[in-house]
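Observations on the three-dimensional arrangement
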Amino acid sequence: MKPRELKPNVYWVGAVDWDRRLFDELIPLPDGTSYNAYLIKGSEKTALIDTVDPTMAEELISNLNQLDVKHIDFMVANHAEQDHSGTLPRILKLYPNATVVATPKCKTLLTELLLIPESKIMAVKDGETLSLGEKTLEFIHVPWVHWPETMLTYLREDRILFPCDLFGSHLASSDLYVTDEATVHEAAKRYYAEIMMPFRTIVQKNLEKIEDLQIDVIAPSHGPIYDKPGFILEAYRDWVYASPKNIVVLPYISMHGSTRKMVKHLVSALVERGITVKQFDLAKTDIGKLAMALVDAITVVIGTPTVLTGAHPKVVYAVYLTNALRPKLKFASIIGSYGWGAGWWNR
Amino acid sequence: MVEQITEMLSNLKVQLLEPVVIKGFPKKEDFKALDRLADEILNMHKSYEFKG
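Please read these numbers as outputs of a predicted model, since none were measured by experiment. (Residues numbered from 1 in each chain as written. Chains lettered and ligands numbered in written order. Predicted model: local features only at pLDDT ≥ 70, side-chain atom pairs only at ≥ 80, totals over all residues.)

The next point concerns the overall build of chain A. Along chain A, the regular secondary structure elements total 10 helices and 22 strands. Its C-alpha atoms give chain A a radius of gyration of 23 Å, within 12% of the compact-globule value 20 Å for 347 residues. With the principal axes as the frame, chain A shows a C-alpha extent of 75 × 35 × 35 Å. Counting every position in chain A, which comprises 347 residues, the buried fraction comes to 51%. Summarising the internal contacts of chain A: among those between residues at least 6 apart in sequence, 69% fall at separations of at least 24. (Helix = DSSP H or I, 4+ residues; strand = E, 2+ residues; numbered from the N terminus. Rg over C-alpha atoms; globule rule 2.2 N^0.38 Å. Buried ≥ 20, exposed ≤ 12 C-beta atoms within 10 Å, placed from the backbone. Contact = placed C-beta atoms within 7 Å.)

Right under this line is the structure:
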């Protein structure tokens, strides 16, 4: 896809990855993703905000060529993860005079993960600014969204926030901006559930940190850009702050039908009592859907038969993920059926 | 196995509600136990809402 102008002299120069279906060899990507990089041409200096996954480096380079970018002064690395910083070494070769701008922690990670020489990286403090001429970048440290080194970049004059992964969505789209809020809401919730939810209390602090910023546009590193930022900010407030809702999530496995029969009965009983239930057959389910359901739920009921004296391995996997994602759950229970060896249930 | 699963939920501050573990295909008394679990879940949700 060609470069696209957000505001005068501010361009999207990233890559849309329509075909990717798995991230971190773990997270399903039903709708692909994008790696958003942005070029800002100031009256005196030019800055690149983040890069793209190395598999799509040619797209970024082609976009820079199409904009006839002869010189880059600063390459802002909001996040050291390779889907955003992985093309930095190639861009540094093409623009050898560029300086990478990052938090001190990110500087360390970039030297370790990408072998970028320390001398090429300028560490910036929280709140520090960088003038590009008539445009000014402000760097806001927001550690743990979702790595320890993360920061946001705010373009003051155009009131654009570049938050990297925060507010992102894995959604490949030909639209630069959000055009279908329902679709983006689902993708952004999936992204929050899988990536940000384990750091929910830290996300709260970081939302407070940007509360007073005047933001016209949120330009994340994945998915469409928010030209009505209230939409995603309000969604995040709900996911992060709101009390858990009257919802039971019920992930289960049934090998011969007994546990399934129990699940069916319990689901009916809960629905009769006015409780919303989200049931997931772990033999088939997309774990992203399960993660999304956990964002709002107050109770999880795990359904499992015994396999070789323990819980079914697919249940173990789902329970491990549930624990790692740290949702707002308050109550848990377990249901299941065994064929023999009752003693194992008590261990 | 209950212990196996609850130990794996150690990051979460959840209250464990009485599990329903049965042998073989569910029978009448097993369905009653599931109804009791549904009642307990309802009560817990209500108590949480009252506290909140």
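Right, picking up where we left off after that structure.
Our next topic: the sheet that holds strand E11 (residues 121–123) of chain A. All names here are of chain A. Strand order across the open sheet formed by 7 strands is E1-E2-E7-E8-E9-E10-E11, with mixed pairing between neighbours. Two strands close off the open sheet at either side, each with one partner strand: strand E1 (4–7) and E11. Along the sheet, successive strands turn relative to each other by an average axial angle of 25°, direction set aside. (Pairing = 2+ DSSP bridges. Axes fitted to C-alpha atoms, helices over the stretch in contact; angles between N-to-C directions.)

This part takes up the domain arrangement of chain A. Residues and elements named next belong to chain A. If you check the domain split of chain A, you get domain 1 (4–241) and domain 2 (245–346). When each unit is reduced to the centre of its C-alpha atoms, the spacing between domain 1 and domain 2 is 36 Å. Each partner contributes residues to the interface: domain 1 has 12 residues there, and domain 2 has 11 residues. Elements represented by at least two residues in the side of domain 1 that touches domain 2 include exactly strand E5 (27–28) and helix H5 (181–196). Top contributing element to the side of domain 1 that touches domain 2 by residue count: H5, with 5 residues. Taken together, the residues of the side of domain 1 that touches domain 2 break down into 8 nonpolar, no polar and 4 charged. (Domains from an automatic or database assignment. Nonpolar A, V, L, I, M, F, W, Y, C, P; charged D, E, K, R; others polar.)

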